[in-house]
Amino acid sequence: MELAGSRVLVVGATGVLGGLTACALAERGAQVALAGRNPVRLAALARDLGAPPARSFEACDLDQCTSLATWAARMLSGLDGVLVTVGAMGFGAVEDVSNAAAEHLLTVNALCPMAVLRGAAPVVADKGFLLAVTGTPPEQSHIEGTADYTASKAALSGWLGVLSEELAPRSVSVLDFRVPHLDTGCADRPLIGRPPALPPGADALKTALSLVEGIASA
Ligand SMILES: NC(=O)c1ccc[n+]([C@@H]2O[C@H](COP(=O)([O-])OP(=O)(O)OC[C@H]3O[C@@H](n4cnc5c(N)ncnc54)[C@H](OP(=O)(O)O)[C@@H]3O)[C@@H](O)[C@H]2O)c1
């Protein structure tokens, strides 16, 4: 897809990967709308990018997530793509994770991106794209203490696969962007538990650039 002049909503723009991706998209000439939780980082990013539309949201408010695409389409006079980089890690042996913590993790990692893209599906232009960041394939992710996190990303991945079939008649590309462990520090701010010793993460800027390349070639 041609990025120059395209209108793209970035949900999770206050995170490391989301912020880098929003900047890379803007550098390629896309008009972006930003959605993020942290109001200070959201305002700083909007300032850096020349004051595009920006809105705060909370992942656990699913109706708010669903309304983001309609808002962005209004602000940008149309919408060619949506990408969701919201996510959080969670650690703990299955028996140690409370149902409330598991529900929170599943909501942030799966239900929130699904709610955003549910709202975006009828709004995005034909031949546009919808993207969410998942993780390494589940078969490579059987790290002890990550069962609920792994389940949340696998759920999102399966959902995206079906959405892709549903939107194929309109030539909307549904992209499941699977990233490995990154150097964003995400694992050091888990929703629950403590991270195990992890190897150094892959370069987030390179990952953001390859994400944007993936959209450009979709
Ligand atoms: N880093 C890794 O090793 C790794 C590996 C596999 C997959 N991923 C995935 O890659 C994506 C980007 O992660 P990252 O590494 O850039 O981490 P990050 O910097 O921590 O970004 C995570 C984003 O999720 C947002 N978020 C978390 N909880 C939220 C909530 N309750 N409401 C609204 N927003 C919420 C954060 O908002 P705030 O900015 O307000 O905190 C932030 O924008 C995520 O989907 C993550 O799961 C990362």
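So, here is what we can say about the structure in this document. In this text the structure is predicted, and so the values were computed from the model without any measurement.

Rules used throughout
- Residues numbered from 1 in each chain as written.
- Predicted model: local features only at pLDDT ≥ 70, side-chain atom pairs only at ≥ 80, totals over all residues.
- Heavy atoms only, no water.
- Helix = DSSP H or I, 4+ residues; strand = E, 2+ residues; numbered from the N terminus.
- Core = buried A, V, L, I, M, F, W, Y, C linked by side-chain atoms within 4.5 Å.
- Buried < 20%, exposed > 50% of the residue type's maximum accessible area, 1.4 Å probe, protein only.
- Contact = heavy atoms within 4.5 Å.
- Near = heavy atom within 4 Å.
- Polar contact = N/O pair within 3.5 Å; in protein donor to acceptor, adjacent residues only side chain to side chain.
- Areas by Shrake-Rupley, 256 points an atom, 1.4 Å probe, with all protein chains shown as cover.
- Nonpolar A, V, L, I, M, F, W, Y, C, P; charged D, E, K, R; others polar.

A closer look at unusual backbone geometry
For step 1, the next point in the chain: Even without being glycine, A51 reaches a positive phi, approximately 65°.
For step 2, the next point in the chain: Secondary-structure assignment places A51 in the loop between α2 (39-48) and β3 (54-56).

Section: the nonpolar core
For step 1, the next point in the chain: The biggest cluster of nonpolar side chains holds 37 residues, and the ones touching the most others in it are L9, V11, F57, V82, V116, L117 and L130.
For step 2, the next point in the chain: Put simply, the parts of the chain that give this core at least two residues each are β1 (7-11), β2 (31-36), α3 (62-76), β4 (81-84), α4 (99-120), β5 (129-133) and α5 (147-167).
For step 3, the next point in the chain: The element that contributes the greatest number of residues to this core is α4, accounting for eight residues.
For step 4, the next point in the chain: If near-sequence neighbours (up to four positions away) are discounted, V11 is found in contact with A35, F57, L68, V82, L83, V84, T85, V86 and V116.
For step 5, the next point in the chain: Residues L3, L42, L131 and V179 belong to the second largest nonpolar core, which totals 26 residues.

Here we look at the site of the ligand
For step 1, the next point in the chain: Among the 26 residues in the neighbourhood of the ligand, the closest are listed as T14, R41, V86, L182 and T184.
For step 2, the next point in the chain: One nitrogen or oxygen atom from the main chain of N38 is found 3.0 Å from an oxygen atom belonging to the ligand.
For step 3, the next point in the chain: T184 is positioned such that a nitrogen or oxygen atom in its side chain is 2.5 Å from an oxygen atom of the ligand.
For step 4, the next point in the chain: When the free accessible area of the ligand is taken as 890 Å², the share hidden by the protein chains comes to 93%.
For step 5, the next point in the chain: Of all the elements in the fold, those that place two or more residues in the shell around the ligand are α1 (16-27) and α5.
For step 6, the next point in the chain: Split into classes, the residues belonging to the shell around the ligand amount to 12 nonpolar, nine polar and five charged.

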